[in-house]
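The primary structure of each chain is shown beneath.
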Amino acid sequence: MNADGHKRKAEEIENSLQKLLPDPDGKHVVAIVELTYGLLQHLIAVGMERKFGRHLDSHVGLPRELRKAGAVDIAEIFVRLDSSRAGRWYGSKGNGNVVRQCNQFIEQVKNWLEI
């Protein structure tokens, strides 16, 4: 997928995500975390292509590639979200703090992209 395709897919996912927000009690936290994960994958692909002339079409190895390119903060956001993601699936209860964190991650990546 090229950068424009990633951008369109990010917009589609973000539109779906907006239908679940606001969610102050975290009732939809699993869906919000999963949508955020997909959204960030596509936004990061756009950013990597624009900034570094390359991107990955998979989450596998993404933090490593971001670190190699000097985008250490974005790599850390992705790692933290991935950790949250595992916690949502394996027994943790949802809460509004995780939802707020997802929103913060999205804003941080968008700022990195300068959107």
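Before reading further, recall that the structure is shown in the block above.
What you see is a predicted model, and the numbers here were worked out from it, not measured in a lab.

(A) Summary view of the nonpolar core. Ranked by internal contacts, the top residues of the largest apolar core, which has 30 residues, are Leu 40, Ile 44, Leu 66, Ile 74, Val 109 and Trp 112. Going through the elements one at a time, helix 1 (3-18), helix 2 (29-52), helix 3 (62-69), helix 4 (72-89) and helix 5 (96-113) are the ones with two or more residues in this core. Broken down by element, the residue count for this core peaks at 10 residues, all from helix 2. Leaving out residues up to four positions away in the same chain, Val 109 has contacts with Leu 40, Leu 43, Ile 44, Ile 74 and Ile 77.

(B) Highlighting the packing of aromatic side chains. Evaluated as defined, the whole model comprises 2 aromatic pairs. Taken together, a centroid distance of 6.5 Å and an interplanar angle of 40 degrees make the contact between Phe 52 and Trp 112 tilted. Taken together, the positions of Phe 52 in helix 2 and Trp 112 in helix 5 put the pair 60 residues apart, joining distant regions of the chain. For Phe 52, a relative accessible area of 27% gives the class partly exposed. Sitting above the plane of the Tyr 37 ring, Arg 85 keeps its charged end 3.9 Å from the centroid.

(C) Expanded view of the packing of helix 2 against helix 3. The N-to-C vectors of helix 2 and helix 3 enclose an angle of 30 degrees; their axes lie 12 Å apart at closest approach. Taken as axis vectors, helix 2 and helix 3 run roughly parallel relative to one another. In the packing of helix 2 onto helix 3, the handedness of the crossing is left-handed. Of the residues in helix 3, those in contact with Ile 44, Met 48 and Phe 52 of helix 2 are Leu 62, Glu 65, Leu 66 and Ala 69. Grouping the constituent residues of the contact of helix 2 with helix 3 by class yields 6 nonpolar, no polar and 1 charged.

What counts as what
Residues numbered from 1 in each chain as written. Predicted model: local features only at pLDDT ≥ 70, side-chain atom pairs only at ≥ 80, totals over all residues. Heavy atoms only, no water. Core = buried A, V, L, I, M, F, W, Y, C linked by side-chain atoms within 4.5 Å. Buried < 20%, exposed > 50% of the residue type's maximum accessible area, 1.4 Å probe, protein only. Helix = DSSP H or I, 4+ residues; strand = E, 2+ residues; numbered from the N terminus. Contact = heavy atoms within 4.5 Å. Phe/Tyr/Trp six-rings, centres within 6.5 Å; stacked < 30°, edge-to-face > 60°. Lys NZ or Arg CZ within 6 Å of the ring centre and 35° of its normal. Axes fitted to C-alpha atoms, helices over the stretch in contact; angles between N-to-C directions. Parallel < 35°, antiparallel > 145°, perpendicular 65-115°, else oblique. Left-handed = near helix turned anticlockwise from the far one by under 90°. Nonpolar A, V, L, I, M, F, W, Y, C, P; charged D, E, K, R; others polar.

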